[in-house]
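Single-letter residue listing:
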Amino acid sequence: MFLQQLLMHRLTEKKRAVGASSRLPVPSAPPTPENWVFPFAGWWIKRQLIQVAMLVAGIFSAALGLKAFLLPNGFIDGGVTGISLLVSQLTGISLSILIVLINIPFIILGYFQLGKWFAFKTLATILALALVLLVVSFPTLTQDKLLIAVFGGFFLGAGIGLTVRGGAVLDGSEVLAVYVSKRTALSVGDVVLVINILIFGAAALLLSVETALYSILAYLAAAKTMDFIIEGIEEYTGVTIISSQSEAIRLMVTEKLGRGATIYSGKRGYGSRGHNHEAIDVIFTVVTRLEVTQLTDEINKIDNQAFVVMHSVRDTKGGLVKKRPLH
């Protein structure tokens, strides 16, 4: 799931770069280093420092979830991390060694699928995680199995999400999922689901059903936390409004809420009064999840019969959309 987002983000950046280069005016004189080298270098350094900070925070968060919660209590997770935990419990081999060895094939695959820079950052991140697991001690914080599953998954998911925000991954299973999805009718989510079903099925057979069930709970907590970190604190919502009071609603959206709005010219089709082909303006706007209630309250004040359709929006760029935290 998050590798799909990473791929789409990179493709979008490439398209923007190509489009921008085709629109740039021809300079009358060669640009000087002061005009472009140093500003670009400063922006690049700042971006890399932010990504490194996210990677470091992600490594320690994942290590905390593994060593303080999951590993001492025999729970596992999904993906390569889950395979490493399962093999470590069955064989006694160090988790640090297994995380590196099992991820190597996926790093190589990522080199060809996502590029050498992604592969290098992923390798460095996984090696750093293995080192932290080897040399840093974390206290066992609780013996309650429910708390272990929930908070172990929480810290592990936060670690994975932060590393994705930093441009790398801690678990190579989704690299394989992207590769398989390109060559079969399965989606990335389908491949990941199949992999995790096999992992948790093996855990139920080799460990115990109870351990497998708690591990599934940890995986769900990790997946939800990971999505929360990657998507941001607030989720975007696209809102389509069809009302005879469209102009008043448009003014409310743009002037009172301070949000952008797009107007589509449309016609009514069929409603509570039967067939009606009256022309009408359709309003579309994008708000954050926390602004949805305020928007619907204001719409009801103007026209409580307005037809409102809402759907989740993955991300936005430009316009007057309120930016989400962590972005």
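As the structure is a computational prediction, the values presented were derived from the model and not from experiment. Position numbers for residues start from 1 in each chain and track the written sequence from start to end. With the structure being a predicted model, the display of local features is reserved for residues of pLDDT at least 70 and the display and counting of side-chain atom pairs for 80 or more, all residues being used for whole-chain, interface and lining totals. In computing side-chain properties, one takes all heavy atoms of the structure into account and sets aside hydrogens as well as water.

**Some thoughts on the nonpolar core**
Residue types Ala, Val, Leu, Ile, Met, Phe, Trp, Tyr and Cys, when buried and joined through side-chain atoms within 4.5 Å, form a set referred to as a nonpolar core. Buried residues are those whose accessible area, probed at 1.4 Å on protein chains only, stays under 20% of the maximum for their type, while exposed residues exceed 50% and partly exposed ones sit between those limits. If you look at the biggest cluster of nonpolar residues, it comprises 45 residues, and the most contacted ones within it are Leu66, Ile76, Ile99, Leu129 and Leu133. The secondary structure listing takes helices from DSSP runs of H or I that are at least 4 residues long and strands from runs of E that are at least 2 residues long, numbered from the N terminus. When residues of this core are traced back to their parent elements, those giving at least two are helix 2 (33-70), helix 3 (79-91), helix 4 (95-114), helix 5 (116-135), helix 6 (145-165), helix 7 (173-183), helix 8 (188-206) and helix 9 (209-231). Sorting elements by how many residues they give to this core places helix 2 first, with eight residues. Residue contacts for leucine 129: discarding those within four places in its chain leaves Ile59, Ala62, Ala63, Ile99 and Leu170. Residue contacts follow a heavy-atom distance rule, with two residues in contact if any of their heavy atoms lie within 4.5 Å.

**Observations concerning the pattern of salt bridges**
Each salt bridge in this description consists of a side-chain nitrogen of Lys or Arg and a carboxyl oxygen of Asp or Glu lying within 4 Å of one another. Applying the stated criterion across every chain yields a total of five salt bridges. Ionic pairing is found between lysine 301 and glutamate 298, a salt bridge with its closest N-O pair at 3.5 Å. Here the residue lysine 301 and the residue glutamate 298 both occupy positions in helix 11 (residues 292-302), the gap between them amounting to three residues, near one helical turn. Each of Lys256, Glu298 and Lys301 takes part in one network of salt bridges that share partners.

**Overview of the confidence of the model for the chain**
On a scale of 0 to 100, pLDDT captures the predictor's confidence in every residue. Averaged over the chain, the pLDDT score is 81; the fraction of residues at 70 or greater is 79%. Contacts of residues 11-38 to residues separated by more than four positions or lying in other chains number six contacts, the stretch itself having pLDDT below 50.

**Observations concerning the side chain of serine 246**
Mapped onto the secondary structure, serine 246 falls in helix 10 (residues 246-256). Sequence-distant contacts of serine 246, defined by excluding residues within four places in its chain, comprise Asp281 and Ile283.

**Quick notes on the pairing of strand 5 (residues 279-288)**
The element strand 5 is largely enclosed, with a buried count of seven among its 10 residues. Bridge analysis of strand 1 (residues 236-242) against strand 5 gives seven bridges, and the strand direction is antiparallel. By the bridge assignment, glycine 238 is partnered in strand 5 with valine 286. Any two strands are treated as partners once DSSP identifies two or more bridges connecting them. Where strand 2 (residues 262-267) lies against strand 5, six bridges are found, and the strand directions are antiparallel. Within strand 5, the position partnered with glycine 266 by the bridge is isoleucine 280.

**Looking at the sheet that holds strand 1**
Taken together, four strands build an open sheet; the order of strands is 2-5-1-6 and the sheet is antiparallel. At either end of the open sheet lies a strand with only one pairing partner, and these are strand 2 and strand 6 (307-313). Averaged over all neighbouring strand pairs, the angle between strand axes comes to 25°, with direction disregarded. Those strands touched by helix 10 are strand 1, strand 2 and strand 5, and its axis lies near 20° from that of strand 5. Convention adopted: a line fitted to C-alpha atoms gives each axis, helices being fitted over their contacting stretch, and angles between N-to-C directions are expressed from 0 to 180 degrees. Relative to the sheet, helix 11 contacts strand 1, strand 5 and strand 6, its axis offset from that of strand 5 by approximately 155°.

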